[in-house]
Amino acid sequence: MHEIHGHCERCQAPVFLNRSDDEYGNSVMTLNCWNGHYRWINIEGIESDMSVKIKIKTSKPLVTRISFFNLP
């Protein structure tokens, strides 16, 4: 049985300390309530000072030209 570590600030549900392994073998520790609100997440094996490259994909605009004209 899990030990309660307080109550969630958002929903007042009990907060539990959880430890598991992710699909890459990293140890993941979380302090969260049973409704999914996290106080913190610690993933061992992940370097926090690693640079992250963010790529943003944009598509061509759907509208290439808007114009107005007078009807006869």
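Overview of the structure. Everything numeric in this text was worked out from a predicted model, so none of it was measured.

### Points about the sheet that holds strand 4 (residues 38-43)
Logical step 1: The sheet built from 4 strands is open, its strands ordered 1-2-3-4 with antiparallel pairing. Each end of this open sheet is capped by a strand with a single partner; those strands are strand 1 (4-7) and strand 4. On average, adjacent strands in this sheet sit at an angle of 20° to one another, irrespective of strand direction.
Logical step 2: Pairing of strand 1 with strand 2 (residues 14-21) involves 2 bridges; the strand directions are antiparallel.

### With respect to the pattern of salt bridges
Logical step 1: Applying the stated criterion to the full structure yields 1 salt bridge.
Logical step 2: A salt bridge links Glu44 to Arg19; the nearest nitrogen and oxygen atoms lie 3.8 Å apart. Pair noted here: Glu44 is in the segment after strand 4 and Arg19 is in strand 2, with a separation of 25 residues, a long-range link.
Logical step 3: Glu44 gets classed as partly exposed once you look at its relative accessible area, which sits at 34%.

### A short note on the nonpolar core
Logical step 1: Membership of the largest hydrophobic core is limited to 5 residues, which are Cys8, Ala13, Val15, Leu31 and Cys33.
Logical step 2: Aside from chain neighbours lying at most four places away, what touches Cys33 is Cys8, Cys11, Ala13, Pro14 and Val15.

### What to know about the pairing of strand 4
Logical step 1: Of the pairings in the sheet, the one linking strand 3 (residues 27-33) to strand 4 comprises 5 bridges and is antiparallel in character. In the sheet register, Met29 faces strand 4, and the bridge partner there is Asn42.
Logical step 2: Hairpin connection between strand 3 and strand 4: a loop of 4 residues separates the two successive antiparallel strands, and Gly36 in this loop has a positive phi of roughly 95°.

What counts, and at which threshold
- Residues numbered from 1 in each chain as written.
- Predicted model: local features only at pLDDT ≥ 70, side-chain atom pairs only at ≥ 80, totals over all residues.
- Heavy atoms only, no water.
- Pairing = 2+ DSSP bridges.
- Helix = DSSP H or I, 4+ residues; strand = E, 2+ residues; numbered from the N terminus.
- Axes fitted to C-alpha atoms, helices over the stretch in contact; angles between N-to-C directions.
- Salt bridge = Lys/Arg side-chain N within 4 Å of Asp/Glu carboxyl O.
- Buried < 20%, exposed > 50% of the residue type's maximum accessible area, 1.4 Å probe, protein only.
- Core = buried A, V, L, I, M, F, W, Y, C linked by side-chain atoms within 4.5 Å.
- Contact = heavy atoms within 4.5 Å.

Remember that the coordinates give geometry; whether it matters functionally is a separate question.
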